[in-house]
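Remarks on the overall topology
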Amino acid sequence: MKKKLVVANWKMNLDLAHALNLVEQLDQRISSSPKVEVVLCPSYIALAPLSQQLKKPKFKLGAQDLFYVDEGLYTGEVSGPMLRDLVEYVIIGHSERRRNFHEDNRVIARKMSAALRNDLVPVLCIGETSDERAAGETLRVLHDQLTAALIMLTPHDIGRIVVTYEPPDAISSGDGHGDTAEPEQIQQALRFITKTITQLYGKPTAGAVRLIYGGSVNAETLKNYLKIEGLEGFLVGGASLNYEEFSRIVKTLQGTAKKSS
Ligand code: PGA
């Protein structure tokens with residue numbers, strides 16, 4: 001059985017002192033489990049100091065983004081070779097980057113390729129907007145975002161990735177409480193993602209991809225999602241900044257992983 005995965009997306013929050021404190025608090029509350037991977041994604045500037053402080057394998061580090069070229073004249077960007085000694089994971093294609101920084105599917109495809117050639121596991125985010133859903137466009141949008149992101153990858157590469165279904169309207173305004181997606185909506189999206197990867201790259205590849213959900217996940221909403229077939233974890237934004245809340249999320253998952261083993 002694959003490990004469950006919880007990815008904490010701290011977004012543009014916490015200076016270094018607060019980031020270090022959050023990790024210390026989490027460390028006191030969470031114990032290591034071989035069945036649940038916990039990945040913390042702080043800002044770039046906190047990565048190096050946190051990589052010294054973090055207890056592995058209890059916690060792993062991820063970046064919130066990377067640039068698609070490995071080095072050169074790109075003022076302000078951070079590349080895969082700069083990240084690869086610090087992190088194991090990188091979030092790619094988050095809807096906030098698609099919307100605020102105009103990242104399109106071509107840019108995301110190049111970032112997926114950059115992550116994998118630098119031995120980082122990409123956590124790809126896809127999801128339809130509420131308008132697209134209302135217009136009956138969900139499956140088309142998911143298909144377009146997914147296939148475009150995978151276009152530069154080999155089946156072997158694809159087997160290493162994580163796909164997050166995260167409809168933008170389910171994302172909280174920063175406190176982890178918002179309009180969550182319905183379990184049926186998530187189930188339908190995950191089935192479609194698996195079917196699409198199976199059709200294009202075969203069953204073994206589709207079976208290796210880990211599927212998670214993001215959008216207003218907190219210790220309460222999590223309970224609605226535990227029975228979703230094929231769901232292997234969560235991308236947690238607002239609730240990951242609260243150590244009590246995030247520890248409860250991790251412990252709940254550790255409990256369910258234990259029961260199902
Ligand atoms: P949220 O954010 O948990 O605060 O909704 C999730 C995300 O944007 O990754």
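The structure reproduced in this document is the subject of the present report.

Quick notes on the rules
Residues numbered from 1 in each chain as written. Predicted model: local features only at pLDDT ≥ 70, side-chain atom pairs only at ≥ 80, totals over all residues. Heavy atoms only, no water. Helix = DSSP H or I, 4+ residues; strand = E, 2+ residues; numbered from the N terminus. Buried < 20%, exposed > 50% of the residue type's maximum accessible area, 1.4 Å probe, protein only. Contact = heavy atoms within 4.5 Å. Axes fitted to C-alpha atoms, helices over the stretch in contact; angles between N-to-C directions. Parallel < 35°, antiparallel > 145°, perpendicular 65-115°, else oblique. Left-handed = near helix turned anticlockwise from the far one by under 90°. Nonpolar A, V, L, I, M, F, W, Y, C, P; charged D, E, K, R; others polar. Near = heavy atom within 4 Å. Polar contact = N/O pair within 3.5 Å; in protein donor to acceptor, adjacent residues only side chain to side chain. Areas by Shrake-Rupley, 256 points an atom, 1.4 Å probe, with all protein chains shown as cover. Pairing = 2+ DSSP bridges.

Some thoughts on unusual backbone geometry
- Of note in this structure, Lys-11 is not a glycine but carries a positive phi near 50 degrees.
- If you trace the backbone, Lys-11 turns up in the loop between strand S1 (4-9) and helix H1 (16-29).
- Owing to a relative accessible area of 19%, Lys-11 belongs among the buried residues under this scheme.
- Not every positive phi belongs to a glycine, and Asp-119 is a case in point at roughly 60 degrees.
- Structurally, Asp-119 is set in the loop between helix H5 (105-117) and strand S5 (121-126).

Description of the environment of Ser-240
- Residue position: Ser-240 is located in the loop between strand S8 (233-236) and helix H11 (243-259).
- Between the C-alpha atoms of Ser-240 and Lys-11, which are 229 residues apart in sequence, the distance is 10.0 Å.
- Not counting the four nearest positions on each side in its chain, Ser-240 is found in contact with Ala-8, Asn-9, Trp-10, Leu-22 and Phe-246.

Observations concerning the packing of H5 against helix H7 (residues 138-150)
- It is at 7 Å that the axes of H5 and H7 come closest, and there the two elements cross at 45 degrees. Regarding the angle of H5 to H7, the classification is oblique. In this structure, the crossing between H5 and H7 has a hand that is right-handed. Contacts between H5 and H7 involve Asn-105, Ile-108, Ala-109 and Met-112 from the first element and Asp-144, Gln-145, Ala-148 and Ala-149 from the second.
- When grouped by side-chain class, the residues that make up the contact of H5 with H7 number five nonpolar, two polar and one charged.

Here we look at the site of the ligand
- In the vicinity of the ligand lie 14 residues, with Lys-11, His-94, Ser-172, Ser-216 and Gly-238 positioned nearest.
- Between an oxygen atom of the ligand and a side-chain N or O atom of His-94, the distance comes to 2.8 Å.
- Glu-166 places a side-chain nitrogen or oxygen 2.9 Å from an oxygen atom of the ligand.
- For the ligand, the accessible surface in isolation is 280 Å², of which the surrounding protein chains cover 100%.
- Partitioned by chemical class, the residues of the shell around the ligand number four nonpolar, seven polar and three charged.

Some thoughts on the sheet that holds S1
- Reading around the barrel, the eight strands line up as S1-S2-S3-S4-S5-S6-S7-S8 and close back on themselves, with parallel pairing between neighbours. Here the strands of the sheet are splayed against their neighbours by 25 degrees on average, with no regard to which way each runs.
- Pairing analysis gives two bridges linking strand S3 (residues 60-63) to strand S4 (residues 89-92), with the strands arranged parallel. Among the inter-strand pairings, Ala-63 is bridged to a residue of S4, identified as Val-90.
- Of the strands in this sheet, S1, strand S2 (36-41) and S8 are in contact with H11, which crosses S1 at around 170 degrees.

Details of the pairing of strand S7 (residues 210-214)
- Most of S7 sits out of view: five of its five residues are buried.
- By the alternation rule, side chains of S7 split into Arg-210, Ile-212 and Gly-214 and Leu-211 and Tyr-213, which are all buried.
- As defined by bridge partners, S7 adjoins S8 across two bridges and the pair is classed as parallel. Counted as the bridge partner of Gly-214 is Leu-235 from S8.

Focus on the side chain of Asp-65
- Structurally, Asp-65 can be placed in the loop between S3 and helix H3 (80-83).
- Look at Asp-65 and you get buried, because its relative accessible area is 6%.
- Side chain to side chain, Asp-65 and Arg-97 meet in a polar contact 3.1 Å long.
- In this structure the side chain of Asp-65 is engaged in a polar contact, spanning 2.9 Å, whose partner is the side chain of Lys-111.
- For Asp-65, the contacting residues outside a window of four places in its chain are Tyr-44, Leu-83, Val-90, Ile-91, Arg-97, Glu-103 and Lys-111.

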